[in-house]
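Overview (structure and organization)
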Amino acid sequence: MEPPVLRVSKLTKTFGEVNSVDGVSFAIKKGEILGLLGANGAGKTTAINMVLGIITPTAGRVEVFGEDLHASRVELLRRMNFCSTYTQLPGNLRVWQNLNVFGKLYRVRHLKERIDQVLEMLEISHLKNRVSGELSAGESTRLNLCKALLNKPNLLLLDEPTASLDPDIADKVRKVVRRSRDDEGSTILYTSHNMRDVEEVCDRVVFMHKGRILFVGTPGETLQHFKEESLEEVFIRVARSGEIESDKAGKEAGE
Amino acid sequence: MNVVTVQALVLRYLYLYTRTPIRLVELLFWPLVHLLVWGYLTEFLKSHTGDAFPYEITYLIGAVILWDILFRAQQGVAIFFLEDVWSRNLLNVFAAPVTNADYLAATYVVGFLRAAVTSTLLGVLSALLYSFNILQLNWGLLPSIFNLLVFGWGLGMISTALIVRWGPAAETLAWAVPFFIQPFSAVFYPVDTLGKLAWISKMLPCSYVFEGMRKTLKTGEVDWQSIGIATGLNCVLLALAGILFIRVMNVAREKALLTKFASQ
């Protein structure tokens, strides 16, 4: 049986007295889009940063493509990519220069053609020669996504990719994310505060609260479980009440 | 270490200079100012002291050129890291398949390129304006330059490690660290001038380079002993700086310092 693309086991990160991520376990199957949801401070970004090896876990294990992340981080990162609303590409470089640098870092073959392809996917081909720092927030987010798609990653980590986008562009981005999975075979871990995104894009969701997993299931199962009409209502309820269903907490998703 | 990765990281830095020529001002302007100030001071002293002119004064121009090599190499390493902080690109780089060795090697190349540009400019101008020929250092020139580069790289790694550990508030260390050691580096005066503090100087590889430079300019003979000691000290320093850098990067990953940089 093929191992999950990403398996996170009892992942924990403690800063002093605070458990930012507390024994979280989940797995993502090949070709799946898993939404990691939760209010600010739920531990989503910390979890993603541990999957990337930017933060060392206090305890637990991250396996990517069946291999331990810490044992072969660089080799695994070549098959991954990431886009976050908290990062930007250097503003003083032109769009194509930024993509050229990262394309080389990720060893992208036929780089020039691929740069044209991703720019076209995100509908920003006309910005190729523009200075990145002069782009609007929406254009800049799409450029970040271009960088994340450059190497046709087997595992793509998207941290709030539609934040700061207008509804039209957000819709286009969601389509690109699905296309990346359908046409390029990417498996995707997706965080967002936009529940419309999650309903449209994610096959399953992991609800987190204060570092712990509350519930894992499809968007439909989530609504059924919380007896709410929409994920937005589930999100608000979880964020406000902070209810923790201990029977579900820590249950490993995807297995 | 992977050559393609290093090339990509260096390319990013080269794009910065082709995209924003104003950056050349930073690279060329200050070294030029130093050369002009020290060069004209030398000219002034020459013209007012006549036969009593101490020939050692002309070494100041050589000191300015060699010091700048050290400073630019250090800056190449420290500023390389800060560029990613300033542009909020740090996480993109550290989430990419880049090892510590790749990253450091790229900073060394950038430090070398910065030093090569400024030292070539200063070397040519000092010959044209003040008839000071840095090539008088003969065969000692290349190992001297190499030692200053290595020392600059080591200081750059230490500066970067301190900035990572203490956060953006410590950015100023990128410029300050070389000047912490300058008074003890025997750049413009011999080690003996330091009196009881000379022991500090004797621990710094660059002080042997500057002492060697003065000896070579005076006697025409290359001071291989000084170059040998500087090389030995540099090996120790580079190893220690490397250990410090790797330990701090590990601490940064444990304490999430890199993500804090990214969010500030």
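Computed from a prediction, not measured in an experiment: that's the story for all the values here.

Residue and element names in this part refer to chain A. According to the stated counting rule, one finds 21 salt bridges over all chains in the structure shown. For E32, the salt bridge identified is with R204, shortest N-O distance 2.4 Å. Residue E32 is found in the loop between β2 (18-28) and β3 (33-37), and its partner R204 is found in strand β9 (residues 204-209); the two are separated by 172 residues along the sequence. In terms of burial, E32 and R204 fall into one category: buried. For D183, the salt bridge is made with R179, and the minimal N-O distance between the two is 3.6 Å. Of this pair, D183 and R179 both sit in helix α6 (residues 167-184), separated by four residues, roughly a single helical turn. By relative accessible area, which is 40% here, R179 ends up partly exposed.

This paragraph deals with helix α8 (residues 219-226) of chain A. Residues and elements named next belong to chain A. Turning to α8, its buried residues number three or more, namely P219, T222 and F226. The buried residues of α8 occupy one face: seen down the axis, they fall within an arc of 55°. The inward-facing, buried residues of α8 abut β9, β10 (212-217) and α9 (231-241). Once α8 finishes, K227 follows within two positions and takes phi at roughly 55°, a positive value.

All names here are of chain A. Strand order in this open sheet of four strands is β2-β1-β4-β5, and the pairing throughout is antiparallel. If you trace the sheet from one side to the other, it starts and ends with β2 and β5 (67-68), each paired once. Bridging between strand β1 (residues 6-15) and β2 involves seven bridges; their strand directions are antiparallel. Residue pairing across strands places L6 opposite I28, the latter belonging to β2. With respect to the sheet, helix α1 (residues 44-52) is in contact with β1, β2 and β4 (59-64), its orientation differing from that of β1 by roughly 115°.

With that out of the way, let us pick up the packing of aromatic side chains. Counted according to the given criterion, the structure contains 14 aromatic pairs over all chains. Summarising the aromatic geometry, the rings of F215 of chain A and F226 of chain A are spaced 5.8 Å apart at their centres and angled 75° between planes, so their arrangement reads as edge-to-face. Of the two residues, F215 of chain A is situated in strand β10 and F226 of chain A in helix α8; the sequence distance between them amounts to 11 residues. When its relative accessible area of 5% is taken as the criterion, F215 of chain A is described as buried. Three or more aromatic residues joined by ring pairs make a cluster, and in this case those are Y13, Y17, F80, F94 and Y103 of chain B. The ring of F102 of chain A carries K147 of chain A above its face, with NZ or CZ at 5.5 Å from the centroid.

Okay, the pairing of strand β6 (residues 80-84) of chain A next. Residue and element names in this part refer to chain A. Most of β6 sits inside the fold, with five of its five residues counted as buried. With burial as the criterion, each face of β6 is covered, one bearing M80, F82 and S84 and the other bearing N81 and C83. Across five bridges, the pairing between β6 and strand β7 (residues 155-159) is parallel. When the sheet's bridge partners are listed, F82 is paired in β7 with L157.

Bringing the packing of helix α3 (residues 59-86) of chain B against helix α9 (residues 205-219) of chain B into the picture now. Residue and element names in this part refer to chain B. Their axes nearest at 11 Å, the elements α3 and α9 cross at an angle of 150°. What the angle tells us is that α3 and α9 run roughly antiparallel. Our pair here, α3 against α9, has a crossing hand that is right-handed. Residues Y59, G62, A63, L66, W67 and L70 of α3 touch α9, and the partners they reach there are C206, V209, F210, M213, R214, L217 and K218. For the contact of α3 with α9, a count of residues per class yields 10 nonpolar, one polar and two charged.

Accessible area lost upon the coming together of the parts is a frequently used measure of interface size. Residue and element names in this part refer to chain A. As assigned here, chain A comprises domain 1 (1-79 + 156-255) and domain 2 (89-152). Computed over C-alpha atoms only, the centres of domain 1 and domain 2 are separated by 25 Å. At the junction of the two partners, domain 1 supplies 16 residues and domain 2 supplies 15 residues. When the shortest N-O distance is used, the salt bridge between E123 and K172 registers 3.1 Å. Counting across the interface, domain 1 meets domain 2 through three residue pairs in polar contact (both at pLDDT 80 or more). The element best represented in the side of domain 1 that touches domain 2 is α6, accounting for seven residues. Class assignment for the residues of the side of domain 1 that touches domain 2 results in nine nonpolar, two polar and five charged.

Cut-off values and rules
- Residues numbered from 1 in each chain as written.
- Chains lettered and ligands numbered in written order.
- Predicted model: local features only at pLDDT ≥ 70, side-chain atom pairs only at ≥ 80, totals over all residues.
- Heavy atoms only, no water.
- Salt bridge = Lys/Arg side-chain N within 4 Å of Asp/Glu carboxyl O.
- Helix = DSSP H or I, 4+ residues; strand = E, 2+ residues; numbered from the N terminus.
- Buried < 20%, exposed > 50% of the residue type's maximum accessible area, 1.4 Å probe, protein only.
- Arc of directions from axis to C-beta.
- Contact = heavy atoms within 4.5 Å.
- Pairing = 2+ DSSP bridges.
- Axes fitted to C-alpha atoms, helices over the stretch in contact; angles between N-to-C directions.
- Phe/Tyr/Trp six-rings, centres within 6.5 Å; stacked < 30°, edge-to-face > 60°.
- Lys NZ or Arg CZ within 6 Å of the ring centre and 35° of its normal.
- Parallel < 35°, antiparallel > 145°, perpendicular 65-115°, else oblique.
- Left-handed = near helix turned anticlockwise from the far one by under 90°.
- Nonpolar A, V, L, I, M, F, W, Y, C, P; charged D, E, K, R; others polar.
- Domains from an automatic or database assignment.
- Polar contact = N/O pair within 3.5 Å; in protein donor to acceptor, adjacent residues only side chain to side chain.

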